[in-house]
Amino acid sequence: MNLGSALHNLWISTGLVNFEVGQVIMILVGCLLIFLAINKKFEPLLLLPIGFGGILANIPLAGIAEHTGFIGMIYGVGIDTGIFPLLIFMGVGAMTDFGPLIANPKTALLGAAAQFGIFTTLLGALALGTLPIFGFNLSDAAAIGIIGGADGPTSIFLASQLSPRLLGAIAVAAYSYMALVPIIQPPIMKLLTTKEERSIKMEQLRPVSKKEKILFPIAVLGICIILLPSATPLIGMLMFGNLLKESMVTERLSNAAQNELMNIVTIMLGLTVGSKLQADKFLNFETLGILILGLIAFSIGTAAGVLLAKLMNKLSKKHPINPLIGAAGVSAVPMAARVANKVGKEANPQNYLLMHAMGPNVAGVIGSAVAAGVLLSIVPVMMGG
């Protein structure tokens, strides 16, 4: 082979020759996600690795996201099997205090109400699926709808089981809207409430005993096993992580679940999700539809929580309920609770709603897992029929 042929082969193996327009666009999208993570601090622990994974996946000829590429192999081990979201749930459980929910159990209804957006958006995705430019079937619609729960790991877990081809768009939408909670939620909360309602001060929560905190994860798991076994993977890992924390005898394991393991899995999860932002899979009308439906799902979930809290306040004569805590029913922990507290303090500087909002907030985590279990139970059966 002469020097000219060697130089020609080198030239045709460069990125300059092989880049496609779509790949360049997706690399810029990856850079945007990294910018938002670093400059705006929008979910940086996930948006940064997702953005970087998206860049790696769109490098021509490298094949990093293919089955034989290193990210592709990690994807097969952690996402295809559903292991990464489950390990994330264990870490979330180890970091979660269910005390506010135990102290005020009726706030669990607000966590359930916020899941309303999941099922309304499922219907919306099915409606879009009737249009020629969209190809959503029931499995796709269920995976898209779960974005309304504002729970990234649950969205990834359900998408990996029901609609792997849409995983990248669903994950990006879920985490993007989680990051935008402080922007999306306040206008909805203020639209649906009066200043007087936002100013309502709630009674201090009762102390929760150690025994109650230990029995809670065991009781929730028992109910899940009896009523909805399909939700056991998510609920089980969430409650196991929480039991590690509350038992007070496994501090090393609890710390590992919260820190080392959580951090490692978060890195792997972000990179593998980002690897699904390949131009040929992401740049289409379906992705635009998912982003729009995700925003609708999140907005409906927020509104449903606020409206139910308003109703509960009307019916509760002795113990007033500030409707703002209903917005925390989406499972973006603890950001949604902080937003409820912030909006409440704007209306009444003496208002401290954070702990009250944490009740529906952690209930929302359980609610989104239950909703995923319901969809996993019925969708495959309906698709098979």
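Below is a short write-up of the structure.

**Details of unusual backbone geometry**
Cis geometry marks the peptide bond from Val333 to Pro334; its omega dihedral reads -10 degrees. Along the polypeptide, Pro334 turns up in the loop between helix H20 (285-315) and helix H21 (335-347). With phi around 70 degrees, Leu61 is a residue other than glycine that occupies positive phi space. Relative to the elements of secondary structure, Leu61 occurs in the loop between helix H4 (44-57) and helix H5 (70-78). Take Leu61: its relative accessible area is 62%, and that puts it in the exposed class.

**A few points about a nonpolar patch on the surface**
On the surface, Leu131, Ile133, Phe285, Leu288, Ile292 and Ile296 cluster together to form a nonpolar patch covering roughly 560 Å² of accessible area. With respect to the helices and strands, Phe285 occurs in helix H20.

**Side note on the packing of aromatic side chains**
Applying the stated rule across the entire model yields two aromatic pairs. Ring centres of Phe98 and Phe216 lie 5.0 Å apart, and the angle between their planes is 35 degrees; this geometry places the pair in the tilted category. Of the two residues, Phe98 sits in the loop between helix H6 (83-95) and helix H7 (99-103) while Phe216 sits in helix H15 (residues 210-227), which places them 118 residues apart along the sequence. Each member of the pair Phe98 and Phe216 is classed as buried. Just above the ring of Tyr75 sits the side chain of Lys276; from NZ or CZ to the centre is 4.2 Å.

**Quick look at the nonpolar core**
In this structure, Phe98, Ile144, Leu269 and Ile290 are the most contacted members of the largest nonpolar core, which totals 101 residues. Ignoring sequence-local partners within four residues, the contact set of Leu269 consists of Leu46, Ile79, Phe84, Ile88, Ile156 and Tyr175.

Thresholds, definitions, all that
- Residues numbered from 1 in each chain as written.
- Predicted model: local features only at pLDDT ≥ 70, side-chain atom pairs only at ≥ 80, totals over all residues.
- Heavy atoms only, no water.
- Helix = DSSP H or I, 4+ residues; strand = E, 2+ residues; numbered from the N terminus.
- Buried < 20%, exposed > 50% of the residue type's maximum accessible area, 1.4 Å probe, protein only.
- Patch = residues over 30% accessible without salt bridge, like charges linked within 9 Å, V, L, I, M, F, W, Y side chains within 5 Å.
- Areas by Shrake-Rupley, 256 points an atom, 1.4 Å probe, with all protein chains shown as cover.
- Salt bridge = Lys/Arg side-chain N within 4 Å of Asp/Glu carboxyl O.
- Phe/Tyr/Trp six-rings, centres within 6.5 Å; stacked < 30°, edge-to-face > 60°.
- Lys NZ or Arg CZ within 6 Å of the ring centre and 35° of its normal.
- Core = buried A, V, L, I, M, F, W, Y, C linked by side-chain atoms within 4.5 Å.
- Contact = heavy atoms within 4.5 Å.

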